Protein chains: 2
Amino acid sequence: MTRALTRKGEATRARIVAGAAAEIRERGVDEVRLEDVMAHTGTSKGQLFHYFPDGKEELLLAVAEHEADQVLIDQEPMLSNLTSWPAWLAWRDRLIERYLAQGVKCPLNGLLGQTGRRAPGAQAIVTGLMVRWQKAIAEGIRHMQSTDDIASDLDADRAAAALLAGIQGGVLLLLSTGKIDHLEAVLDLTIDSLRAGARTA
Amino acid sequence: MTRALTRKGEATRARIVAGAAAEIRERGVDEVRLEDVMAHTGTSKGQLFHYFPDGKEELLLAVAEHEADQVLIDQEPMLSNLTSWPAWLAWRDRLIERYLAQGVKCPLNGLLGQTGRRAPGAQAIVTGLMVRWQKAIAEGIRHMQSTDDIASDLDADRAAAALLAGIQGGVLLLLSTGKIDHLEAVLDLTIDSLRAGARTA
DNA sequence: ACAAATTTGGACCTGCAAGTCCAGAAACCG
DNA sequence: CGGTTTCTGGACTTGCAGGTCCAAATTTGT
């Protein structure tokens, strides 16, 4: 489908996606007009529809993919190395720092609900992101189980699911209330609870 | 401001709000046109702008208030009576049952992000809902502390914040993935963790 | 019952943003 | 190079949804 793209063409396409993503993070999906993207990226309408023949929907999908990847990349290398309690705390700190910095300008806000409604494929992207995210957390839990830092009878996937949900909710509440407290509380209490489990078993 | 409303007028206004809320739950905020609301509630454009002079934005705000109240009402009487472990589980079951039933048609989905962006006042409504919700949970925790079912040195507000975040994330993931697993995991693990705290202290 | 107020219906206006189209510039490739 | 493809710019079309307006119907209060 997407064949015959000159080097210059790919650059332009990437510029459009990145610019649109930034714009959407800043002002929300339904506040961003194609005209805004054009102005912000120095492109014309012809270009937009050249690279995204299906128009806004296709562009939104590309943006969603871009943002979904970014969410996980932003947590590296911590997320893939949850191999000790200090490592877990480093990941925790990264999350807090990251979301505190971006505040209301959250990529997820653009993806969830909004993009999800419009583009049917966006649903799949969000789901994919969540699956990958949860797997990474579960992986970390299993590693801690292998070193007896977490009780081995704990259901790693279930615990990861709970933690992931907590994070999502924490971010959601950050968006609603502007306070990071919920995210902090979830991370601290959940991680503490994982630690406590070791003593139990 | 909203003065001089005949009985009939109030009925019509209520019908519009309820109908719009239903429509939004079903298809999402930005998929619902005023025309849809008119069709669904048997009203005319003149009526819409008679009761909501500021148009869609004002209507959306009214819907947001309506839905926010409903969210808490749906959890009663359990939410206000978290006075024993069976009561907590009953509340848990109600939540699961409720969200499982409505699936993707979630009032919050209409409120969060979407309405929040458009109407500035909607942000306040969501925040207010969350505050009330969290207070109710914290109240329950404090009651359990008063009967020594939960360790008294636990920070009730912080724990309530974490649990609330977990619920929100669980619902969010239900919307994204269609599975209730995350919400279940959060509720079970968090409540278990509260129980475990009693033995510690 | 009658005047004043609300309530209702629906035709009309308007602006805007997505999408179309095409011609000219630039890049690619043998 | 020269032909072909890709890329770019921007004027134009289109549809639609929000909002305006006003006259007729109904209700209200005394």
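1. Describing the overall build of chain A
Summing up its helical and strand segments, chain A has nine helices and zero strands in all. Tracing chain A from N to C terminus, the helices and strands come up as α-α-α-α-α-α-α-α-α. Projected onto its principal axes, the C-alpha positions of chain A cover 65 × 35 × 25 Å. Out of the 201 residues belonging to chain A, those deemed buried represent 51%. Sequence separation of at least 24 residues holds for 67% of the intrachain contacts in chain A that already meet a minimum separation of 6.

2. A few points about the interface of chain A and chain B
Across the contact, 39 residues belong to chain A and 39 residues belong to chain B. In total, chain A and chain B occlude about 3000 Å² of area from one another, counting both sides; carbon and sulfur atoms represent 60% of this. Taken together, chain A and chain B are joined by two salt bridges. As a salt-bridge pair, Arg158 of chain B and Asp188 of chain A come within 2.7 Å of each other at their nearest N and O atoms. Applying the counting rule to chain A against chain B returns 10 residue pairs in polar contact (both at pLDDT 80 or more). Of all the elements in the fold, those that place two or more residues in the side of chain A that touches chain B are α1 (7-27), α6 (107-118), α7 (120-146), α8 (156-177) and α9 (181-200) of chain A.

3. Description of the packing of aromatic side chains
One pass over the structure, following the stated rule, counts four aromatic pairs over all chains. Aromatic pair Trp85 of chain A and Trp88 of chain A: ring centres 6.0 Å apart, planes at 50 degrees, arrangement tilted. With Trp85 of chain A and Trp88 of chain A both in helix α5 (residues 85-102) and three residues apart, this pair spans about one turn of that helix. Summarising the burial analysis for this pair, Trp85 of chain A and Trp88 of chain A share the class buried. Plain terms: the ring middles of Trp88 of chain B and Trp91 of chain B are 5.9 Å apart, the flat faces sit at 85 degrees to each other, and that makes the pair edge-to-face. Separated by three residues within a single helix, Trp88 of chain B and Trp91 of chain B lie in helix α5 (residues 85-102), roughly one turn from each other. Both residues of the pair, Trp88 of chain B and Trp91 of chain B, count as buried. Taken together, the aromatic side chains of Trp85, Trp88 and Trp91 of chain A make up a single cluster linked through ring pairs.

4. What about unusual backbone geometry?
Residue and element names in this part refer to chain A. For the bond from Glu76 to Pro77, the omega torsion is 5 degrees, close enough to zero to count as cis. The backbone phi angle of Asp148 is positive, close to 60 degrees, even though this residue is not glycine. Its place among the elements puts Asp148 in the loop between α7 and α8. Take Asp148: its relative accessible area is 62%, and that puts it in the exposed class.

5. Considerations on the protein's contact with DNA strand D
Inspection of the region around DNA strand D gives 19 residues, with Ser44, Gln47, His50 and Tyr51 of chain A together with Lys56 of chain B positioned closest. Considering the 4 Å shell around the protein, atoms of DNA strand D inside it are sugar or phosphate in 65% of instances. At 3.1 Å from a phosphate oxygen of DNA strand D is found a side-chain nitrogen or oxygen belonging to Thr12 of chain A. At 2.7 Å, a side-chain N or O of His50 of chain A approaches a phosphate oxygen of DNA strand D. It is helix α3 (residues 45-51) of chain A that provides the largest number of residues to the surface near DNA strand D, a total of four residues. The residue makeup of the surface near DNA strand D, split by class, is five nonpolar, nine polar and five charged.

6. Re the nonpolar core
Formed by 96 residues in total, the largest nonpolar core has its most connected members in Trp133 of chain A together with Trp133 of chain B. When residues no more than four places from it in sequence are discounted, the contact partners of Trp133 of chain B are Val71, Leu72, Gln75, Leu79, Trp91, Leu95, Tyr99, Leu164, Ile167 and Gln168 of chain B.

7. Here's the deal with α7 of chain A
In this model, α7 of chain A (27 residues) spans 40 Å end to end at C-alpha, consistent with the 39 Å of a helix rising 1.5 Å per residue. Immediately downstream of α7 of chain A, the backbone of Asp148 of chain A shows phi near 60 degrees, a positive value.

8. Some thoughts on the domain arrangement of chain A
All names here are of chain A. Domain assignment breaks chain A into domain 1 (7-62) and domain 2 (64-200). With centres defined by C-alpha atoms, the gap from domain 1 to domain 2 works out at 29 Å. Between domain 1 and domain 2, the residue contacts involve 12 residues of the former and 16 residues of the latter. The contact between domain 1 and domain 2 buries some 1200 Å² in all, and 58% of this surface belongs to carbon and sulfur atoms. Remark: the boundary between domain 1 and domain 2 carries one salt bridge. Notably, a salt bridge pairs Arg25 with Glu67, separated by 2.7 Å at the nearest N-O pair. The interface formed by domain 1 and domain 2 contains seven residue pairs in polar contact (both at pLDDT 80 or more). For the side of domain 1 that touches domain 2, the elements supplying multiple residues, two or more each, are α1 and α4 (56-73). Grouping the constituent residues of the side of domain 1 that touches domain 2 by class yields seven nonpolar, no polar and five charged.

Each value, and the rule that gives it
- Residues numbered from 1 in each chain as written.
- Chains lettered and ligands numbered in written order.
- Predicted model: local features only at pLDDT ≥ 70, side-chain atom pairs only at ≥ 80, totals over all residues.
- Heavy atoms only, no water.
- Helix = DSSP H or I, 4+ residues; strand = E, 2+ residues; numbered from the N terminus.
- Buried < 20%, exposed > 50% of the residue type's maximum accessible area, 1.4 Å probe, protein only.
- Contact = heavy atoms within 4.5 Å.
- Buried area = accessible area lost by both parts, 1.4 Å probe.
- Salt bridge = Lys/Arg side-chain N within 4 Å of Asp/Glu carboxyl O.
- Polar contact = N/O pair within 3.5 Å; in protein donor to acceptor, adjacent residues only side chain to side chain.
- Phe/Tyr/Trp six-rings, centres within 6.5 Å; stacked < 30°, edge-to-face > 60°.
- Near = heavy atom within 4 Å.
- Nonpolar A, V, L, I, M, F, W, Y, C, P; charged D, E, K, R; others polar.
- Core = buried A, V, L, I, M, F, W, Y, C linked by side-chain atoms within 4.5 Å.
- Expected span 1.5 Å × (residues − 1).
- Domains from an automatic or database assignment.

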